[in-house]
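Structure assessment
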Amino acid sequence: MAEADRPDDRRLAHNPIAIVGLAGLFPMARDVREFWSNILDAVDCVTEVPPTHWRPADYYDPDPAVADRTYARRGGFLPEVPFNPMEFGFPPNLLDVTGVVQLLSLVVARDVLADAGATGSTWFDPERTGVVLGVTGPTSLAHPLAARLETPVLREVVRAAGLTDREATAVAEAFSLAFPPWEENSFPGLLGNVIAGRIANRLDLGGTNYTVDSACASALTAVRAAIGELLDHRADLMITGGCDTENTIFSYMCFSKTQALSRSDRIQPFDAGADGTLVGEGIGMLALKRLADAERDGDRVYAVIRGLGASSDGRFRSIYAPRAEGQLRALRRAYDDAGVSPASVELFEAHATGTPVGDQTELTALTSILRDAGARPASAAIGSVKSQIGHTKGAAGAASMIKLSLALHTRVLPPTINVSTPTAVLAAADSPVYANTRTRPWVLDPDLGRRRAAASAMGFGGTNFHVVLEEAPRGTGGDVRTRGGTGTGAPGSGLGLHRAARAHLWHAPTPAELVDLLRSGARPNGDDGIPASAARVGFAARAEPDVERLRSLAAEQIAARPEADEWSHPAGIHYRRQALAEPTVGVLFAGQGSQYVGMGLEAAVDLPPVAGAFDAANGFFAGADPTLARAVFPPPSFDPAAEARHEATLTRTEYAQPAIGALAAGQFRFLRELGLRPAGLLGHSFGELTALWAAGAIGDPDFFRLARARGQAMAPPAGDPDLDPGTMAAVRASREDVATALADHPDVMVCNHNAPDQVVVGGPTAAVDAFVAAAAERGLDARRIPVAAAFHTPLVAHAVDAFAAALAGVEIAAPAVPVYANTAGAGYGDDPAANRRVLTEQLRRPVEFVAGLRAMRAAGVNVFVEVGPGRVLTGLVGRTLGDEVVAVPADAGRGKDGGVALMAAAVRLAVLGVELTGLNRYAAEPTGHPEPSALTVGLTGANHVSEPRRRAYRGALAALAASAATRNQPGTPADGAAAPDAAGADALAVVR
């Protein structure tokens, strides 16, 4: 039957599958949260081979041609994981004869059921739960068990060297002790299929269980089989994924002798200098349900499997050489199954092992199908988690699917690392894919309407798989990153999936007690409110080492000056002996000129309210090239000229203003969720529109639409080369001195009064230039500023008319919070028509920012919070009102961490006494790990060796050494006799 003739009821387009649970162990990651954090933080988890696996001194040689040696000595290795055999009803004496991949897979299976919400639920039916997992080749226990059987060869060799039968037997017996014994449990302990069987056995699952092996495509093969069980209604829940802890010397030798490993010991997918792969360990599992069932049961859905295609390469020059034609078959079948265009996918997780031929073949196939589908240049990010953890072989597809599921769930485009010079295919100007080398918010594209991602996997033997995922539907728990700018969220409902910026607040009755609290290592205690009379200190941080450093520094600073009423340390620590008597907050909204490429990036990654605001703003850029999101968070570029173009795009009013509005709105929403209730609002120029929205005078859709409309209206008119839009200049002087200087320049006028010592003037370009020259002669510091026009002068009359048209019919209601207008003598009240006129005329009237600040201060505001990019307005507050108020910026500016900056603003407000709660609502605590017991053992990717077996082996070595010493020279160790403790331990590690 042709693919197109396949019954529709079997297509995933009509029967989508929900991913409801994720769990895994990967290099430097004991769980999925650590795995995801490492991805977003661009951590290179590849390390030197650990002593638990094999010794480079025994097996390494840089020359690939040397027999029985590998030319690589780095890879991805699992961290130590606590394993309690009694938790799974597993006799401890069987650990030595059970492959570690079976043991650790039990842990991951337990965790994936818990993450899916199956444990203790009413819907979970073990009888209808199955397990299908991907494995690759033999498990690592097979090699030592097979090696034990070679003792006759060893006995023959040492007898030929002159040892007696008794001595040869002793040597052979010592040799055999280095390996696990053959007994009734050894056979099941070495089998790959028993990985699934043991899970079903120990977790009491009644559905099918088996493993599949298609080499490095095994995990996606398993996913395909698991989906079949669900589509056929033979199961209601399936555990699937891939398991591979085979990083023994056997694995290294396999890859070395096929010349697949990197000669530079560095895995660099997509880089022009890539020279091979590095192998890694991993166990990754996904819990799958039919989407309809997941929706019925109220499950959290990480992502939806929308399509899956598979193919073979057919006849080709080599059984393991990749073939583009075969990969194209899998791609076409996947998108036919999904019923969507490949051009709708914005994130690809490539198989990309770092081998030049393999990566080139894959990119060629992928770019070919994307171009045929009409994908635009640089429309999709491409990455490979192998750049961070190595090629985890049988688990590689699972790692890819977990990464994409979390990317869709959290609305984040994750990075790939080790790309300094992209390959020629990626570097081409018309390439539809680009190497995403930086963590970026995944803002919803209005022309696509839904986020989609896809992963590929290929295996030795010419097999190809491609799976298409899309974000979860609304109302399935996939909404933690709110869409359309709703900005809702509750403590504990946040992502908690990566090392987001966190607030750290402590309080105590006295400074001395606060110092003791900090030094005790106690957890922060200020998230639920702080007594007004308490001493309090806090900071924001992302990495745990920073937390410990700042905690220690805070204690030192308080102890050094216990009588101080308040201080702020340059490291970002804020302290007060007690709260402000009456903290009254006013919020300032940034205007044009504060924007910069990448503004708010980390805040949008960390916090759903910020991400949601960018989604909403981007929704009004359908058909635009670029969209707002592409202007603010452009794809990474390796060309300095491209970086300059990105900056130029964002200075255009049609992008700058809605971008500033999106960030300011997102920051304000977050602070409002925490409990911020401002007493007054003041925007600078464009910021006045944002202030009206924050006051409830304008609804969400109108605000984001008007933000773009205002920017479009203020863009210089096109088509008239003789039209002078004018320009502006900043003058460092008082208003009075500027007015005197302007007397001889009637065409130049005041545009902004920003601070007592800063005035901005504007007018025709020639007139402004003449004024700047004349001001210099007067000793005034006047400088041209780079703007598109003379804003807030009659030269932007065209903008007034265009913006008035956009405002027609918009209900600008009475603000629920006072909004201080920029225009002298103007205000906002109950008359919508009058409010529209004030907002429209503001475009050509001077911005009286100083007057606004002074009016807010007169009304009792003593704490000013600046929202939007940068901290320009914070500086203007200090220059206008001095030390009688506190100004707090929500952003730190270009090159700084916007997530930490926003959280730092919340911390400082709480320290001042502003009532905020739930500051860390979107940064849940890491997943807990079982408490160790007396029977708990630490497992890595290497097979377990019990202490009694270690002692027996060392004892045998010691006896051999003693025997040799006695035979050769009584009382003296023989030449070459090893020290039993050291050599015994190392050798056992190598051969186990």
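The text that follows walks through the structure, step by step, so that each part is easy to find. Only a predicted model underlies this, so the values are computations on that prediction, with no experimental measurement involved. Each chain carries its own residue numbering, running from 1 in the written order of its sequence. Residues qualify for local features only when their pLDDT is at least 70, as the model is predicted, and side-chain atom pairs are given and counted only at 80 or more; totals for whole chains, interfaces and linings, by contrast, use all residues. Only hydrogens and water are set aside when side-chain values are computed; all heavy atoms of the structure are taken into account.

1. Description of the overall build of the protein
What counts here: Strands here mean DSSP runs of E at least two residues long; helices mean DSSP runs of H or I at least four residues long; both are numbered from the N terminus. With C-alpha atoms as the basis for the radius of gyration, the globule rule is written as 2.2 Å multiplied by the number of residues raised to the power 0.38. Burial classes follow relative accessibility: with a 1.4 Å probe on protein chains only, a residue under 20% of its type's maximum area counts as buried, one over 50% as exposed, and anything between as partly exposed. By definition, residues are in contact when any of their heavy atoms lie within 4.5 Å. Accessible areas in this description were obtained via Shrake-Rupley with a 1.4 Å probe; residue shielding takes into account the shown protein chains only. Note that His is not counted, nor are the chain ends; the positive residues are Lys and Arg, and the negative ones are Asp and Glu. Each charge is placed at NZ for Lys, CZ for Arg, CG for Asp and CD for Glu.
When helices and strands are counted, the protein shows 34 helices and 31 strands. Compactness check: the protein gives a C-alpha radius of gyration of 33 Å against a globular reference of 30 Å for 992 residues, within 12% of the reference. With the C-alpha coordinates of the protein rotated into their principal frame, the extents come out at 115 × 75 × 60 Å. Scored against the burial criterion, the 992 residues of the protein give a buried share of 58%. Summarising the internal contacts of the protein: among those between residues at least 6 apart in sequence, 78% fall at separations of at least 24. Surface exposure of the protein reaches about 36,800 Å², of which carbon and sulfur atoms provide 53%. Side-chain charges of the protein comprise 90 positive and 110 negative groups, with the mean position of each set lying 1 Å from the other.

2. A few points about the environment of Ala910
Along the chain, Ala910 turns up in helix α32 (residues 898-912). Looking at Ala910, the relative accessible area reads 6%, which means it is buried. With 252 residues separating them in the primary sequence, Ala910 and Pro658 have C-alpha atoms 30 Å apart. The contacts of Ala910, once residues within four sequence positions are left out, are Leu505, Ile530, Arg536 and Leu916.

3. Things to note about the pairing of strand β24 (residues 749-755)
For clarity, the threshold we go by: Note: two strands are recorded as paired if DSSP finds a minimum of 2 bridges between them.
In terms of residue burial, β24 counts as a mostly covered element, since 6 of its 7 residues are buried. The pairing of β24 with strand β25 (residues 758-763) spans 5 bridges and is antiparallel. Note that in β25 the partner of Ala755 across the bridge is Gln758. Once β24 ends, the chain turns through 2 residues before running back antiparallel as β25. With 2 bridges joining them, β24 and strand β28 (residues 847-848) adopt parallel strand pairing. Looking across to β28, one finds that His753 is bridged to Glu848.

4. Points about the packing of helix α23 (residues 653-674) against helix α25 (residues 700-714)
For any two helices packed against each other, the geometry is given by the interaxial angle and the distance between the axes. Put simply, the rule reads: Only the stretch in contact is used when a helix axis is fitted, and all axes are lines through C-alpha atoms; the angle between N-to-C directions ranges over 0 to 180 degrees. Angle categories: roughly parallel below 35 degrees, roughly antiparallel above 145, roughly perpendicular from 65 to 115, and oblique for all the rest. Crossing handedness follows the turn of the near helix against the far one: under a right angle anticlockwise gives a left-handed crossing, and clockwise gives a right-handed one.
Where α23 meets α25, the closest approach of the two axes is 6 Å, and the angle between their N-to-C directions is 150 degrees. Comparing the axis directions of α23 and α25 gives the class roughly antiparallel. For α23 against α25, the interelement crossing comes out right-handed. For the pair α23 and α25, the contacting residues are Thr653, Glu654, Gln657, Pro658, Gly661, Ala662, Ala665 and Arg669 in the first and Asp700, Phe703, Phe704, Ala707, Arg708, Arg710, Gly711, Gln712 and Met714 in the second.

5. Comments concerning the sheet that holds strand β19 (residues 566-569)
Spatially, the 4 strands line up as an open sheet ordered β17-β18-β20-β19, and their pairing is antiparallel. In this open sheet, the two edge strands, each paired with only one partner strand, are β17 (502-508) and β19. Between one strand axis and the next, the sheet turns through 10 degrees on average, direction left out of account. Sheet contacts for helix α18 (residues 544-560): β17, β18 (535-541), β19 and β20 (573-576); angle to β18, the most-contacted strand, approximately 150 degrees. Packed onto the sheet, α32 meets β17, β18, β19 and β20 and runs at close to 175 degrees relative to β18.

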